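Take a look at the letters that make up each chain.
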Amino acid sequence: MKGSAENSRRDARMPLACPVSYVVMGDFIHPPEAADINAEIMDVSESGMKIRIMGKQPKAGSVLCVRVPITTAGNVQVTVPVLTQVRWVGKAAREARHAGVSFMV
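Report follows, based on the coordinates. Since we're looking at a predicted model, the values are computed, not measured.

Moving on to the environment of Phe103. Along the chain, the position of Phe103 falls in strand 6 (residues 96-103). Since its relative accessible area comes to 27%, Phe103 is described here as partly exposed. Setting aside chain neighbours within four positions, we find Phe103 in contact with Val44, Ser45, Glu46, Ser47, Gly48, Met49, Val82, Leu83 and Thr84.

As structure tokens, this is what we get:
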């Protein structure tokens, strides 16, 4: 039985609460957005992640450059840019939005 778009991932999800920022990448018609948008990773899998967005939501199909903070084994904080594509956008409580994004390889 098929579930909703939000529950149709093929890979197991792992809960993760991690603040991130992203920028919507441009295309042939629109330039990339200039300002970073703050978000939070809700869960992650091998193929993508669910994020919570405050404010303006991206459209399904948009390409995002998500900046994920990582702490190295030497305790150095670095930010890793990850290209993703928005697969779905849904409503959550109190003006927040949830989006499912897949990793682009």
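Counting residues in hydrophobic clusters, the biggest one holds 17 residues, and the most contacted among them are Val20, Tyr22, Ile41, Ile51, Ile53, Leu64 and Val66. Contributing elements (two or more residues each) for this core: strand 1 (14-24), strand 2 (37-44), strand 3 (48-54), strand 4 (63-71), strand 5 (77-91) and strand 6. Of the residues forming this core, the biggest block, four residues, is contributed by strand 1.

It is worth spelling out the environment of Cys18 at this point. Position of Cys18 relative to the elements: it lies in strand 1. The spatial distance from the C-alpha of Cys18 to the C-alpha of Val68 is 8.2 Å, given a sequence separation of 50 residues. The residues contacting Cys18, other than those within four sequence positions of it, are Ala39, Glu40, Ile41 and Pro69.

Moving on, we come to the pairing of strand 3. Burial within strand 3 is extensive, with five of its seven residues counted as buried. For strand 2 and strand 3, the ladder comprises five bridges, and the chain directions are antiparallel. Note on strand 3: the bridge partner recorded for Val44 is Met49. A loop of three residues connects strand 2 with strand 3, the two strands running antiparallel in sequence.

We now examine unusual backbone geometry. Even without being glycine, Asn75 reaches a positive phi, approximately 65°. Along the chain, the position of Asn75 falls in the loop between strand 4 and strand 5.

Our focus in this paragraph is the pattern of salt bridges. As enumerated under the stated definition, the model contains three salt bridges in all. Arg13 is the salt-bridge partner of Asp43, the closest N and O atoms lying 3.7 Å from each other. With Asp43 in strand 2 and Arg13 in the segment before strand 1, this pair connects stretches of sequence that are 30 residues apart. The buried category is assigned to Asp43, whose relative accessible area is 9%. Between Arg67 and Asp36 there is a salt bridge, and its shortest N-O distance comes to 2.7 Å. Placement of the pair is Arg67 in strand 4 and Asp36 in the loop between strand 1 and strand 2, with a sequence separation of 31 residues. Residue classification places Asp36 among the partly exposed residues on the basis of a relative accessible area of 41%.

Here is what the cut-offs are and how they apply
- Residue positions are given per chain, counting from 1 as you read along its sequence in written order.
- Given that the model is predicted, a residue must reach a pLDDT of at least 70 before its local features are reported, and side-chain atom pairs must reach 80 or more before they are shown or counted; all residues, however, enter totals for whole chains, interfaces and linings.
- To obtain the side-chain values, all non-hydrogen atoms of the structure were used and water was disregarded.
- Under the scheme used here, helices are H or I runs from DSSP no shorter than 4 residues and strands are E runs no shorter than 2 residues, and both carry numbers assigned from the N terminus.
- Burial status follows relative accessibility: with a 1.4 Å probe on protein chains alone, a residue under 20% of its type maximum counts as buried, one over 50% as exposed, and anything between as partly exposed.
- Whether two residues are in contact is decided by their heavy atoms: any pair within 4.5 Å suffices.
- Buried Ala, Val, Leu, Ile, Met, Phe, Trp, Tyr and Cys residues that are joined via side-chain atoms within 4.5 Å together make up what is termed a nonpolar core.
- At least two bridges found by DSSP between two strands is the condition for calling them paired.
- Every case where a carboxyl oxygen of Asp or Glu lies within 4 Å of a side-chain nitrogen of Lys or Arg is listed as a salt bridge.

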